[in-house]
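As a plain string of letters, each chain reads:
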Amino acid sequence: MTDYHNASTEQWLQWDKDHIWHPYSSMLKPAKMVPVVSAKGVRLTLADGKELIDGMSSWWSAIHGYNHPSLNAAANAQLSDMSHVMFGGITHPAAAALGKRLVDLTPAELTKVFISDSGSVAVEVAIKMALQYWYSIGNQNKTRLLALRNGYHGDTFGAMATCDPVTGMHHLFTKVLPAHLFADAPRTAFGESASYDDMAQITDLLEQHHGELAAVIVEPIVQGAGGMRFYSGDYLRKLRALCDKFDVLLIHDEIATGFGRTGKLFACEHANISPDIMCVGKALTGGYLSLAATLCSDRIAEGICNGEAGVFMHGPTFMGNPLACSIANASIDLLLADDWQSNIQRIDRILKKELAAASPLKSVAEVRCLGAIGVIELKDNVDMASIQARFIAKGIWMRPFGKLVYTMPPYIISDDDLVYLCQQIVAAVAEEE
Ligand code: PMP
């Protein structure tokens, strides 16, 4: 028996160090891990009792903070009914309600929902939907995707193939990935009209390759793991028109941007457009459990189901997990019960005001904020171990990468905590100079 509840912190940290892979980690030179034993509201409690204000929302997901009474109640209620049941041939109210909810909240064109278990799988499902659609309607040449440089869509094979093969994290697998096409990332800033240069290359690619292109895939408005860049809604609008013109499907990956993070419920609303396929995940369950969904239009669903197979060819074991679906329903209720838009504007205002203090620092290239996302881009890569130790000493949890020190706090963060978080971020960046 592994009696880990009675193990000392040193003991279980050693088990972790000896055996456990962490994201993008080395087993030979394991980084020092921060032992978290509980979390409540916006605070993580460490094994020694120290508390950290969370600036990361566990990678965009814990929008309501941790240990929220409404989400706990939903989880407990569902646990007493059933935590899981297979989804083949069986359904249950939590999944049905979630499907209806997602269809009601997303653009009207999106009517059908595939509920899966992680963001990367939601992207795999989106890609398979696009490929199976064209196959099913008799166009077997449309098998490639067009993605953006600096894009990031996940760690599984289909998703990896749509990540930037040059700057992305997956270049070592390039040889075994399908060769897709890449357009330069849009440079037009958020709020501006898409520049001629931004549209020219992607227009050319679509013009030349539309006969072999199944879909274009983009992270709308915010390119996340590929650089935390914000770009123009007008670019997305023009891209939608190009996809229509050249009969190529449009996939929006809203896994990071969904559920209010950019100031709109979904980032596509900044452009007033609908994709043909949309992926959501991360904040879907308020960060409680891994759950994701891929929505598609009637056109895609009918194309697939009228085709040779007659069914969509995907069906994971934990599809539509009732526990995760019930928490997702409660998380969406919680978000919409509040004046969430004003709340994101409040966070936006504080981030802009407080992080601006980093702009004059000589190590800082740019400070940019959008909705509940604040980014300090440095001129050089951070020394992760050193800056992380500073953050912890200052009582905040941050996880920079490359040149990016960025925060996307839980939406429930108070003004005081947010001001403190931002001031400590700026102080740590200044001390690293
Ligand atoms: N797409 C985007 C835009 C993401 O940010 C992520 C996660 N960082 C993914 C897909 C993959 O999601 P997951 O990590 O849940 O597989």
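That block above? That's the structure.
If you're wondering where the values come from, they're calculated on a predicted model, not measured in any experiment.

A. Summary view of the packing of helix 3 (residues 69–81) against helix 10 (residues 322–337). One can describe the packing of helix 3 onto helix 10 by two numbers: an axis separation of 9 Å at closest approach and a directional angle of 150°. Relative to helix 10, the element helix 3 is oriented roughly antiparallel. Along this stretch, helix 3 crosses helix 10, giving a crossing that reads as right-handed. Together, Ser-70, Leu-71, Ala-74, Ala-75, Gln-78 and Leu-79 of helix 3 and Pro-322, Leu-323, Ser-326, Ile-327, Ala-330, Ser-331 and Leu-334 of helix 10 make up the contact between the two elements. Of the residues in the contact of helix 3 with helix 10, the class split is nine nonpolar, four polar and no charged.

B. Just the pattern of salt bridges, in detail. A complete count under the given rule lists 21 salt bridges for this structure. Asp-276 is the salt-bridge partner of Arg-240, the closest N and O atoms lying 3.1 Å from each other. Taken together, the residues Arg-240 in helix 8 (residues 233–246) and Asp-276 in the loop between strand 10 (249–253) and strand 11 (277–280) connect sequence positions 36 residues apart. Each member of the pair, Arg-240 as well as Asp-276, carries the same accessibility label: buried.

C. Summary view of the packing of aromatic side chains. Evaluation of the coordinates by the stated rule reveals six aromatic pairs. Centroid distance Phe-114 to Phe-312: 5.6 Å. Interplanar angle 90°. Geometry classified as edge-to-face. In this pair, Phe-114 is assigned in strand 4 (residues 110–116) and Phe-312 in the loop between helix 9 (298–305) and helix 10, connecting sequence segments 198 residues apart. Of the two residues, Phe-114 and Phe-312, both sit in the buried class. An angle of 65° between the planes, with centres 6.2 Å apart, marks the rings of Phe-157 and Phe-173 as edge-to-face. Of this pair, Phe-157 sits in helix 6 (residues 157–160) while Phe-173 is found in the loop between helix 6 and strand 6 (181–183), placing the two residues 16 residues apart along the sequence.

D. Structural detail: the nonpolar core. Counting 98 residues, the largest nonpolar core has Ile-202, Leu-206, Phe-259 and Val-405 as the members making the most contacts within it. Among the elements that take part in this core, helix 13 (residues 415–432) stands out by supplying seven residues, more than any other. Ranked by size, the runner-up nonpolar core spans 30 residues in total, among them Ala-122, Tyr-133, Phe-182 and Ile-255.

E. Expanded view of a nonpolar patch on the surface. On the surface, Phe-157, Leu-172, Phe-173 and Val-176 cluster together to form a nonpolar patch covering roughly 420 Å² of accessible area. Following the sequence through the fold, Leu-172 ends up in the loop between helix 6 and strand 6.

F. A look at the environment of Phe-312. In this structure Phe-312 comes out as buried when scored by relative accessible area, which is 17%. The sequence separation of Phe-312 and Ala-189 amounts to 123 residues, and the corresponding C-alpha distance is 38 Å. Each residue touching Phe-312, except ones within four places of it in the same chain, is listed here: Phe-114, Val-125, Lys-128, Met-129, Gln-132 and Ile-304.

Here is what the cut-offs are and how they apply
Residues numbered from 1 in each chain as written. Predicted model: local features only at pLDDT ≥ 70, side-chain atom pairs only at ≥ 80, totals over all residues. Heavy atoms only, no water. Axes fitted to C-alpha atoms, helices over the stretch in contact; angles between N-to-C directions. Helix = DSSP H or I, 4+ residues; strand = E, 2+ residues; numbered from the N terminus. Parallel < 35°, antiparallel > 145°, perpendicular 65-115°, else oblique. Left-handed = near helix turned anticlockwise from the far one by under 90°. Contact = heavy atoms within 4.5 Å. Nonpolar A, V, L, I, M, F, W, Y, C, P; charged D, E, K, R; others polar. Salt bridge = Lys/Arg side-chain N within 4 Å of Asp/Glu carboxyl O. Buried < 20%, exposed > 50% of the residue type's maximum accessible area, 1.4 Å probe, protein only. Phe/Tyr/Trp six-rings, centres within 6.5 Å; stacked < 30°, edge-to-face > 60°. Core = buried A, V, L, I, M, F, W, Y, C linked by side-chain atoms within 4.5 Å. Patch = residues over 30% accessible without salt bridge, like charges linked within 9 Å, V, L, I, M, F, W, Y side chains within 5 Å. Areas by Shrake-Rupley, 256 points an atom, 1.4 Å probe, with all protein chains shown as cover.

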